[in-house]
Amino acid sequence: MRFLLLLLPLPLCVLLCQCGSSAGSRWEYKYAPGKTAVIIGGRAVPPANAPAAVLRAISAGNHICTKPYRRGGGHRHFEDSAYDCSGTTSYVLHAAGKLNAPTVSGAFRSYGSSGHGKWITVYARKGHVFLEVAGLRLDTGYSDADSDGPRWSSRSRPTKGYTMRHPSGL
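## Concerning the overall build of the protein
Looking only at helices and strands, the protein features four helices and 10 strands. Starting at the N terminus and walking to the C terminus, you meet the elements of the protein as α-α-β-β-β-α-α-β-β-β-β-β-β-β. Buried positions account for 44% of the 170 residues belonging to the protein. Only carbon and sulfur atoms are counted for the fraction: they give 58% of the accessible area of the protein, which is about 9000 Å².

The following block contains the structure:
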């Protein structure tokens, strides 16, 4: 009987431990004046009060958002002619001063701090990673009309199975 009483809190502990780092069922764009970026002509325009690291991240995303997709793109060097999902994420986080070397998608599941960031959130799982920067999604796919490489989007996407991480301070 005492053994059963000890096991009873276990499912609750497991559930609570997962709450802080797991993504919800969908990523949704929620415009908030002064807090979120907007897309104009395919490029992200940051809010005026964004920190310098976020401005650098958005500028980096804008720099590569017309590049094509290539598996392994952006892994050998940050500067490349094409990018995959983790190459895109690595490039943007490096520009923000939050990553020293290109990283593969699965490794982003333990990047930075757990949970949603104030300005930048990394959504990672084995096989894919994408970013939210100042409220916009930077992704290499998921049913966007122009998804042949890194693109900014405000369209929602499922996040089941993703882990949310963020760079410290952002």
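Picking up where we left off.
## What to know about the packing of helix H3 (residues 52–64) against helix H4 (residues 85–95)
With their axes 7 Å apart at the nearest point, H3 and H4 run at an angle of 140° to one another. Between H3 and H4, the angle falls in the class oblique. When you trace H3 past H4, the crossing you get is right-handed. The residues of H4 that touch H3, namely those facing Arg-56, Ala-57, Ala-60, Gly-61, His-63 and Ile-64, are Thr-88, Tyr-91, Val-92 and Ala-95. The class makeup of the residues in the contact of H3 with H4 is six nonpolar, three polar and one charged.

## Considerations on H3
Look at H3: 19 Å from first C-alpha to last across 13 residues, which is about the 18 Å you get at 1.5 Å a residue. Within H3 the residues assigned to the buried category are Ala-53, Val-54, Ala-57, Ile-58, Ala-60, Gly-61, Asn-62 and Ile-64. Residues of H3 that are buried make contact with strand S3 (43–45), H4, strand S5 (120–125), strand S6 (128–133), strand S7 (136–139) and strand S8 (151–153).

## Comments concerning the sheet that holds S5
Overall, antiparallel pairing links the six strands, which are arranged S4-S10-S5-S6-S7-S8 in an open sheet. The open sheet is flanked by strand S4 (113–114) and S8, the only strands paired with a single partner. Where S5 lies against strand S10 (residues 163–166), three bridges are found, and the strand directions are antiparallel. Its bridge partner lying in S10, Tyr-123 is registered against Met-164. Contacts between H4 and the sheet are confined to S5, S6 and S7, with S6 contributing the most and set at about 35° to the helix.

## Examining the environment of Tyr-142
As for its placement among the helices and strands, Tyr-142 is situated in the loop between S7 and S8. The residues touching Tyr-142, leaving out its near neighbours within four places in the chain, are Arg-137, Ser-156, Arg-157 and Pro-158.

## Digging into the pairing of S5
Burial runs high along S5: five of the six residues are buried. Sheet topology places S5 next to S6; six bridges connect them, and they run antiparallel. Paired with Thr-121 across the strands is Glu-132, a residue of S6. Remark: two residues form the turn of the hairpin made by S5 and S6, two consecutive strands paired antiparallel; Gly-127 in that turn has positive phi of roughly 100°.

## Points about the layout of surface pockets
The computed volume of the largest pocket comes to approximately 230 Å³. Lining the largest pocket are 16 residues, with Glu-28, Lys-30, His-116, Glu-132 and Gly-135 sitting closest to its centre. Put simply, the parts of the chain that give the lining of the largest pocket at least two residues each are strand S1 (26–27) and S5. With three residues, the top contributor of residues to the lining of the largest pocket is S5. Class assignment for the residues of the lining of the largest pocket results in five nonpolar, five polar and six charged.

What counts and what doesn't
- Residues numbered from 1 in each chain as written.
- Predicted model: local features only at pLDDT ≥ 70, side-chain atom pairs only at ≥ 80, totals over all residues.
- Heavy atoms only, no water.
- Helix = DSSP H or I, 4+ residues; strand = E, 2+ residues; numbered from the N terminus.
- Buried < 20%, exposed > 50% of the residue type's maximum accessible area, 1.4 Å probe, protein only.
- Areas by Shrake-Rupley, 256 points an atom, 1.4 Å probe, with all protein chains shown as cover.
- Axes fitted to C-alpha atoms, helices over the stretch in contact; angles between N-to-C directions.
- Parallel < 35°, antiparallel > 145°, perpendicular 65-115°, else oblique.
- Left-handed = near helix turned anticlockwise from the far one by under 90°.
- Contact = heavy atoms within 4.5 Å.
- Nonpolar A, V, L, I, M, F, W, Y, C, P; charged D, E, K, R; others polar.
- Expected span 1.5 Å × (residues − 1).
- Pairing = 2+ DSSP bridges.
- 1 Å grid on protein atoms, 1.4 Å probe; cavity = no way out; pocket = protein on both sides within 12 Å on 5 of 7 lines; lining within 4 Å.
- Points joined across faces, edges and corners; volume = space filled by probe spheres on them.

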